[in-house]
Amino acid sequence: MTANRALTLVTGHGWLRGFGNLLDNELARWWKTPLWWIVSLVYAALTFFLLNTGGFRNEGMFVYRYKDSVALFHTVGVIVLMQGALMGDKKDGTVAWVLSKPATRTALILAKLIAYSLGVLTTMLLVSGAVLYVEWLILGTVPPKPLLFLKALGLAFLSPMWYLTLMLMLGALLDNRMAILGIGSGLLVLSGKLLSWFPMLRYTLPWYLLSNAATQDPAGGVMMLAFGWSIEHYTPTLVIVAVECFLFVLVALWRFNQDEF
Amino acid sequence: MAANSTFERVSGLGWLQGFENLLSHELARWWKTRMWWIQCLLWSILTVALLNLGGEPDRSFAAMMFGQLTGVFQAVGVIVIMQGALLDEKIDGRAAWILSKPATRPAYILSKLIAYGLGMLVTMVLLSGVILYTAWLIQGTTLPGPIHFLKALGVISLSHLWYLTLTLMLAVLFSNRIVILGFSGGLLALSDNLARYTPVGVLLPWNLTVAGWGTERSPLIDLLSGQPIDSFLPNLGVVAAECVLFVLIALLRFNRQEL
């Protein structure tokens with residue numbers, strides 16, 4: 001029986017104790033507040049604006065603009081949203097309060113990871129993708145097959161996911177918001193330069209997954225999969241970036257489990 | 001006499017009461033912590049690396065990259081530093097505590113504006129400028145006149161001031177960090193797309209530093225090349241007026257705000 005009748009007793013055990021409750025709470029931040037529709041609206045408007053301001057309108061230009069500009073804004077959005085996801089709760093004592101209940105630290109981090117990933121995937125990537133697809137239809141061109149397009153979007157999601165897990169890890173490692181934001185946004189603006197200085201980093205940063213670098217094969221990144229292009233050359237980058245995401249989460253879990261609040 | 005003997009009584013009056021104390025406090029954040037040397041180190045490394053100052057001398061490349069460094073990288077730095085300058089104190093109650101003392105709200109806002117403006121001017125603008133000038137001197141390339149170079153640094157300062165005052169105003173207007181960062185960071189990220197449209201481009205500081213579409217010109221690049229910048233005067237004037245407007249809005253709104 002719960003001590004407080006207004007609370008619902010949720011049983012659970014092991015390293016994921018409290019996960020269901022925490023996930024509900026994190027999902028509610030996205031879907032039971034104006035956040036979801038504001039972010040969706042912003043990204044729908046941004047995508048429409050960016051697709052139609054790149055010069056002439058054709059399907060090639062749409063893909064170019066999508067990778068070149070829209071993807072950049074997904075990353076900016078992820079950095080802005082994630083800078084406070086853990087840090088805000090750590091600072092105002094919410095984390096300490098939550099962890100005084102029967103909930104594990106691992107459950108807290110994973111709940112945030114899943115809720116924010118789902119939010120970003122839906123309100124940024126899928127909304128932008130839908131606008132792009134509708135633009136193709138309006139233009140009267142033959143759009144890519146929906147399944148293939150979704151597959152390409154799924155691979156493109158690895159790029160914002162890299163920044164999302166990076167920011168989560170930084171939130172667990174550091175207590176200074178300026179440092180978290182500085183590293184996250186610094187890496188974003190410096191990526192292109194870093195790759196020209198240290199070409200061996202090309203597999204470790206998500207930059208080339210969506211870039212229009214002429215050296216890419218096919219030029220234009222993983223989105224070209226939507227048109228049936230082979231993206232074999234991107235396999236090493238895709239694998240390494242995915243492994244890095246996993247690694248960032250592991251580091252976040254390890255550090256958060258040792259932290260004192 | 002002060003109620004607490006460890007406090008130093010500072011007299012003052014009018015709408016700037018408490019300004020000196022608040023300014024000392026804000027300046028101490030920059031110059032009596034690690035902040036100043038971390039910023040100096042960061043921007044020194046980035047200036048040398050981005051402008052390729054250690055490699056083959058290429059003056060036009062260095063001038064163009066100086067525009068990128070100041071218009072993009074340092075603008076990100078200004079936003080990152082400013083996002084919490086006021087908001088943190090509003091959220092954790094320090095602003096309310098400070099204003100319970102004999103200090104006015106304009107003094108509070110202006111002390112932040114001056115201290116952060118000065119911090120960025122020294123650690124970002126002056127430092128990067130001195131490094132570039134010294135490198136050109138060592139490389140033996142033709143140097144722009146000192147007045148032209150100082151004007152170029154003035155243009156960069158104006159661009160930084162725009163982001164500084166914008167973020168400060170947003171922190172007064174909103175209590176949500178996502179909104180503040182979204183607006184300022186979003187505007188910066190969108191600038192490349194927006195600035196090519198004449199009426200909007202004049203409103204943004206983007207064209208002051210970063211080379212314009214297809215022209216490879218900006219007041220900063222022109223000044224570094226010793227050319228006149230008359231054609232950019234409307235852009236400079238509008239951006240300066242916007243800075244004043246942002247500060248006025250911040251002062252006006254903060255004066256009416258319940259903390």
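Residues numbered from 1 in each chain as written. Chains lettered and ligands numbered in written order. Predicted model: local features only at pLDDT ≥ 70, side-chain atom pairs only at ≥ 80, totals over all residues. Heavy atoms only, no water.

*Asks:* Explanation requested: the overall build of chain B in the structure shown.
*Replies:* A count of helical and extended segments in chain B gives 12 helices and zero strands. Starting at the N terminus, the α and β elements of chain B follow one another as α-α-α-α-α-α-α-α-α-α-α-α. The C-alpha extent of chain B, read off along each of the three principal axes, is 65 × 40 × 30 Å. Counting every position in chain B, which comprises 259 residues, the buried fraction comes to 50%. The long-range share in chain B, meaning contacts at least 24 apart out of those at least 6 apart in sequence, stands at 75%. Working note: accessible area of chain B is about 12100 Å², and carbon and sulfur atoms make up 66% of it. The centroid of the 16 positive side-chain charges in chain B is displaced by 9 Å from the centroid of its 14 negative side-chain charges. (Helix = DSSP H or I, 4+ residues; strand = E, 2+ residues; numbered from the N terminus. Buried < 20%, exposed > 50% of the residue type's maximum accessible area, 1.4 Å probe, protein only. Contact = heavy atoms within 4.5 Å. Areas by Shrake-Rupley, 256 points an atom, 1.4 Å probe, with all protein chains shown as cover. Lys, Arg positive; Asp, Glu negative; His and termini not counted. Charge placed at Lys NZ, Arg CZ, Asp CG, Glu CD.)

*Asks:* Explanation requested: the packing of aromatic side chains in the structure shown.
*Replies:* Enumeration according to the criterion identifies 17 aromatic pairs over all chains in this entry. Plain terms: the ring middles of Trp30 of chain B and Trp31 of chain B are 6.3 Å apart, the flat faces sit at 35° to each other, and that makes the pair tilted. Linked through ring pairs, Trp30, Trp31, Trp36 and Tyr116 of chain A together constitute an aromatic cluster. The positively charged end of Arg105 of chain B is found above the aromatic ring belonging to Phe254 of chain B, 5.6 Å away from the centroid. (Phe/Tyr/Trp six-rings, centres within 6.5 Å; stacked < 30°, edge-to-face > 60°. Lys NZ or Arg CZ within 6 Å of the ring centre and 35° of its normal.)

*Asks:* What's the story with the interface of chain B and chain A in this structure? I'm lost.
*Replies:* It is common to report an interface's size as the accessible area lost on association of the parts. Taken together, the contact pairs 23 residues of chain B with 22 residues of chain A. Interface area lost by chain B to chain A is led by Val80, Ile178 and Asn193 of chain B, which between them contribute 24%. Between chain B and chain A we count zero salt bridges in total. On inspection of chain B and its partner chain A, the count reaches zero residue pairs in polar contact (both at pLDDT 80 or more). If you list the elements that add at least two residues to the side of chain B that touches chain A, you get helix 2 (35–50), helix 3 (59–82) and helix 8 (177–194) of chain B. Ranked by residue count, the leading element in the side of chain B that touches chain A is helix 8 of chain B, at nine residues. Here the side of chain B that touches chain A is composed, by residue class, of 17 nonpolar, four polar and two charged. (Buried area = accessible area lost by both parts, 1.4 Å probe. Salt bridge = Lys/Arg side-chain N within 4 Å of Asp/Glu carboxyl O. Polar contact = N/O pair within 3.5 Å; in protein donor to acceptor, adjacent residues only side chain to side chain. Nonpolar A, V, L, I, M, F, W, Y, C, P; charged D, E, K, R; others polar.)

*Asks:* It is not clear to me how helix 12 (residues 233–256) of chain B should be interpreted in this structure. Could you clarify?
*Replies:* Think of an α-helix as turning once every 3.6 residues; residues three or four places apart then point the same way. Compared with an ideal rise of 1.5 Å per residue, which puts 24 residues at 34 Å, helix 12 of chain B spans 35 Å between its outermost C-alpha atoms and is within 8% of the ideal. Of all the residues in helix 12 of chain B, the buried ones are Asn235, Leu236, Val239, Glu242, Cys243, Phe246, Val247, Ala250, Leu251 and Phe254 of chain B. (Expected span 1.5 Å × (residues − 1).)

The quantities given are spatial measurements derived from coordinates; they are silent on function.
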